[in-house]
Amino acid sequence: MTNKAGSGPDTGGVTGGKAEGWAEEAWRRSLVKTKVNARRIGANFPHASQGGTYTLEPPHWWTAGFWPGMLWLLCEGGGEAELREVAEACEARLDEVLDGYDKLDHDLGFMWILTSVANYKLTGSEQSRRRAFKAANYLMGRFNLQGGYLRAWNPWHEGEDNAGIAIIDCAMNVNLLYWASRESGDPRYRHVAEAHMRTVLAHFIRPDGSVRHIVRFDPETGAVAEYLGGQGYAPESAWSRGAAWALYGLALACHHTGRAEYADAAKRVAHFFLAQLPEDRVPHWDFRAPAETRHLRDSSAGACAASGLLLLDSLLPAAERGAYREAGERMLESLYAGYGSFDDPDEQGLILRGTSHYPERKNLDVPLIYGDYFFIEGLARLRGADMIPWE
Ligand code: GLY
């Protein structure tokens, strides 16, 4: 376990000096609040905060990794045993999903990168390494060779055929395969990740840098059958969290492979994303949503994109560096100053105003656990963290 700073329950374990003052303050206050939350939430799987309290999901829900993931990130800053114990207990609870198999879909990456891979990287746990490989092998099994994509979901109801569905969120899940390839020395995992990411470049990223959520392929021939709006407003709109998944996923693909085509596409998405932001730099839930829904922001998209921008900046040649980092940092600062709940002890969520699923009218204008996670991850990057799970 890396222990980079002194600890103490009231200081949040921060000795300061690594990032701008506001970021150190945000980290300290996040740690204090998360310690309180750890006692309230325990080894459970929070998703959206309603009326100040996080609602809990079953362990197979795609968001199960974010709470333990943010605990691991905060542990790294101070070796906080109480947070680590909760993170480990969450990971152990996920065994019933991994061993049960039936409820697994492409979100194996979100779930086991932020639990088992993070644990293994920080502690060297062999059990966590085995869990992560098991998850990676299941993800490999979702690859459709004809279409060059990882299948997203299983049927949501009896008789539904979604064998041809691929979604942009999976640009984050493929990082489990990049990890498995590097860890095992077996290039097969990377080949599958690369094939999926080539499909992302070809079919999800539009020339203007906006991003599709869902592409349906013919699972027999691999031909594109149709584009679907998914969690965005419409098939040709621009769901902001989907853009964030793409921006960050492409930057990570560049990090893992060194291929410039991923950085170029990440920059294209970043330019579109940044150009659409309102004055306070926190995105609307869909950049092309009609005026009557534009009061809804998605702070989680902002937090995820910000962490991706910080990584992207670090991958670029020196002459291109600076602007993406500055943009990411200012987005995080705006989330802290304008959207943080740090003065409200009755609100468990850290960052207000996320939008989980507008088309289904679910979890609108509320804190979301992945918004909290990416906010913490962005701060960890600003503070020079040694361990970022996706990398
Ligand atoms: N489908 C995952 C998300 O809400 O971004």
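Note that the coordinates shown come from a computational prediction; the quantities given were computed from them, not determined experimentally. (Residues numbered from 1 in each chain as written. Predicted model: local features only at pLDDT ≥ 70, side-chain atom pairs only at ≥ 80, totals over all residues. Heavy atoms only, no water.)

## Brief notes about the site of the ligand
Here is step 1: All residues adjacent to the ligand are W62, D169, Q231, W239, R241 and W245.
Here is step 2: With respect to the ligand, the side chain of D169 contributes an N or O atom lying 2.8 Å from a nitrogen atom.
Here is step 3: With the chains in place, 91% of the 200 Å² that the ligand exposes on its own is no longer accessible.
Here is step 4: When its residues are assigned to classes, the shell around the ligand shows 3 nonpolar, 1 polar and 2 charged. (Near = heavy atom within 4 Å. Polar contact = N/O pair within 3.5 Å; in protein donor to acceptor, adjacent residues only side chain to side chain. Areas by Shrake-Rupley, 256 points an atom, 1.4 Å probe, with all protein chains shown as cover. Nonpolar A, V, L, I, M, F, W, Y, C, P; charged D, E, K, R; others polar.)

## Thoughts on the environment of M172
Here is step 1: Along the polypeptide, M172 turns up in helix α7 (residues 170–173).
Here is step 2: Sequence separation between M172 and A244 is 72 residues; the distance between their C-alpha atoms is 10.0 Å.
Here is step 3: Dropping the residues within four chain positions of it, M172 is found in contact with F110, I113, W245, Y248, G249, L252, F374 and W390. (Helix = DSSP H or I, 4+ residues; strand = E, 2+ residues; numbered from the N terminus. Contact = heavy atoms within 4.5 Å.)

## Thoughts on the sheet that holds strand β7 (residues 224–228)
Here is step 1: Strand order in the open sheet formed by 3 strands is β5-β6-β7, with antiparallel pairing between adjacent strands. The outermost strands of the open sheet, each flanked by one partner alone, are β5 (165–167) and β7. Strand-to-strand twist across the sheet, computed as the mean angle between neighbouring axes with direction ignored, equals 25°.
Here is step 2: Direction of pairing for strand β6 (residues 214–217) relative to β7: antiparallel, over a ladder of 4 bridges. The residue bridging F217 from the neighbouring strand is V224, located in β7. (Pairing = 2+ DSSP bridges. Axes fitted to C-alpha atoms, helices over the stretch in contact; angles between N-to-C directions.)

## Structural notes on the state of the cysteines
In a disulfide, the sulfur atoms of two cysteines are covalently bonded to one another.
Here is step 1: Tallied over the full model, the rule gives 0 disulfides.
Here is step 2: Here C90 stays unpaired: no disulfide links it, and the sulfur of C75, its closest cysteine neighbor, is 11 Å away. (Disulfide = S-S within 2.5 Å.)

## Observations concerning helix α11 (residues 260–276)
In an α-helix, one full turn covers 3.6 residues, which means residues spaced three or four apart are oriented alike.
Here is step 1: The terminal C-alpha atoms of α11 lie 24 Å apart, and with 17 residues this matches the ideal 24 Å at 1.5 Å per residue to within 8%.
Here is step 2: Here α11 has its buried residues at Y262, A263, A265, A266, K267, V269, A270, F272 and F273.
Here is step 3: In the core, the buried residues of α11 are packed alongside α8 (175–184), α9 (187–203), α10 (240–257), α12 (299–315) and α13 (323–339). (Expected span 1.5 Å × (residues − 1). Buried < 20%, exposed > 50% of the residue type's maximum accessible area, 1.4 Å probe, protein only.)

## A word on the nonpolar core
Here is step 1: In this structure, F374, F375 and W390 are the most contacted members of the largest nonpolar core, which totals 130 residues.
Here is step 2: The greatest single-element share of this core, amounting to 11 residues, is contributed by α10. (Core = buried A, V, L, I, M, F, W, Y, C linked by side-chain atoms within 4.5 Å.)

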